[in-house]
Amino acid sequence: MLAWSGLSYRYPGAAQELRYADFALAPGQHLLLRGASGSGKSTLLALLAGLLRVQQGRLTVAGTELAGLGARALDAWRGATLGVVPQRLHLSDALSVAENLALPAWAAGQRAEAERAAQLLDALGLSALVARRPHELSVGQAQRVALARALMRRPRLLLADEPSANLDDAHAAQMLDLVLAHGEREAFTLVIASHDGRVAERLAATGRVMELCL
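Residues numbered from 1 in each chain as written. Predicted model: local features only at pLDDT ≥ 70, side-chain atom pairs only at ≥ 80, totals over all residues. Heavy atoms only, no water.

A. Representation of empty space enclosed by the protein in the model. If you walk through the whole model with that rule in mind, you get one cavity of 30 Å³ or more. The computed volume of the largest cavity comes to approximately 40 Å³. For the largest cavity, the full set of lining residues is Gly50, Leu52, Arg53, Val54, Leu66, Ala67 and Leu74. Its residues assigned to classes, the lining of the largest cavity comprises five nonpolar, one polar and one charged. (1 Å grid on protein atoms, 1.4 Å probe; cavity = no way out; pocket = protein on both sides within 12 Å on 5 of 7 lines; lining within 4 Å. Points joined across faces, edges and corners; volume = space filled by probe spheres on them. Nonpolar A, V, L, I, M, F, W, Y, C, P; charged D, E, K, R; others polar.)

Put into structure tokens, the structure is as follows:
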């Protein structure tokens, strides 16, 4: 599902480059990224999503070598393959919760799946908030909306950057249960960057997680 070798990235003006040891993740496994702030977790997620371009080395995601894709092909691949829950949630404040969930389909020129949106929001305890806009939500509610949006198009790979950071124990457990249940049902791979011991414990219980410390 994922493989890289000789992979490194240097930000403009940075004194040091981030280097990643060669790695491969088989289909059916999940990946937990651990490490101190600045170790390169978010950068690796951005490389896996094609949001940062590979500078050195090879990176293959879901059978596709990303360096070989042009900008338009990369956008199409990302829309068809990935769900992303970033630290900065990028919800549109001009749109309601329901409309934010429809955005991935609209961006792809497709019809939004209202029934799927309703099911995801119900599973995350958000059904009563469909008409609200992001500024009317708590931080934790907005984070769960971002997760629902990432799952809307049935991704093959879900990338999540500290998805439980603003959630209490009950909502963190609810979020992880939903993600893992969908992963089983829809056969996607989960890659989470997290400092949260609750996430590590829940993923370990699946028996299908690899942990990579950066």
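There is more to say, and it comes next.
B. Spatial organisation of the sheet that holds strand S4 (residues 30-34). The parallel open sheet is built from five strands, whose spatial order is S7-S8-S9-S4-S10. Across the chains shown, the open sheet's two edge strands, defined by having one partner strand only, are strand S7 (82-85) and strand S10 (209-213). Ignoring which end each strand starts from, the neighbouring axes of this sheet average 15° apart. Summarising the sheet, strand S8 (residues 157-161) and strand S9 (residues 189-193) pair through five bridges and their orientation is parallel. Residue pairing for S9: Leu159 is matched across the bridge by Val191. Contacts from helix H2 (residues 71-81) reach S7 and S8 within the one sheet, and its direction differs from that of S7 by about 80°. Packing of helix H5 (residues 139-151) onto the sheet brings it into contact with S7 and S8, and relative to S7 it is tilted by some 170°. (Pairing = 2+ DSSP bridges. Helix = DSSP H or I, 4+ residues; strand = E, 2+ residues; numbered from the N terminus. Axes fitted to C-alpha atoms, helices over the stretch in contact; angles between N-to-C directions. Contact = heavy atoms within 4.5 Å.)

C. Summary view of the layout of surface pockets. Approximately 800 Å³ is the volume found for the largest pocket. Arg78, Gly83, Val84, Pro86 and Arg149 are the residues nearest the centre of the largest pocket, which is lined by 26 residues in total. If you list the elements that add at least two residues to the lining of the largest pocket, you get helix H1 (41-48), H2, S7, helix H3 (97-107), H5 and S8. The element best represented in the lining of the largest pocket is S7, accounting for four residues. Residues that form the lining of the largest pocket fall into these classes: 15 nonpolar, five polar and six charged.

D. Structural view of the nonpolar core. Residues Leu101, Leu147, Leu158 and Ile192 are the most contacted members of the largest nonpolar core, which totals 36 residues. Mapped by element, the contributors of at least two residues to this core are H3, helix H4 (114-123), H5, S8, helix H6 (169-186), S9 and helix H7 (197-204). In terms of residue count, the dominant contributor to this core is H5 (seven residues). In this structure, Leu52, Val61, Leu66 and Val191 belong to the second largest nonpolar core, which totals 32 residues. (Core = buried A, V, L, I, M, F, W, Y, C linked by side-chain atoms within 4.5 Å. Buried < 20%, exposed > 50% of the residue type's maximum accessible area, 1.4 Å probe, protein only.)

E. Main features of the packing of aromatic side chains. Enumeration according to the criterion identifies two aromatic pairs in this entry. Seen from their ring centres, Tyr9 and Tyr11 are 4.9 Å apart, and the 75° between their planes marks the pair as edge-to-face. Relative accessible area serves as the criterion here: at 9%, Tyr9 is assigned to the buried category. (Phe/Tyr/Trp six-rings, centres within 6.5 Å; stacked < 30°, edge-to-face > 60°.)

F. Molecular detail of H5. Its 13 residues give H5 an end-to-end C-alpha distance of 19 Å, which sits within 8% of 18 Å, the value for a rise of 1.5 Å per residue. Close packing links the buried residues of H5 with S7, H3, H4, S8 and H6. (Expected span 1.5 Å × (residues − 1).)

G. Layout of the pattern of salt bridges. One pass over the full model with this rule turns up ten salt bridges. The salt bridge involving Arg58 is made with Glu65; its shortest N-O contact spans 2.8 Å. For Arg116, the salt bridge is made with Glu186, and the minimal N-O distance between the two is 3.0 Å. Residue Arg116 is found in helix H4, and its partner Glu186 is found in helix H6; the two are separated by 70 residues along the sequence. The buried category is assigned to Arg116, whose relative accessible area is 6%. The class for Glu186 is partly exposed, based on a relative accessible area of 23%. The network of salt bridges with common partners includes Asp169, Asp196 and Arg198. (Salt bridge = Lys/Arg side-chain N within 4 Å of Asp/Glu carboxyl O.)

Just distances and angles here, no functional claims.
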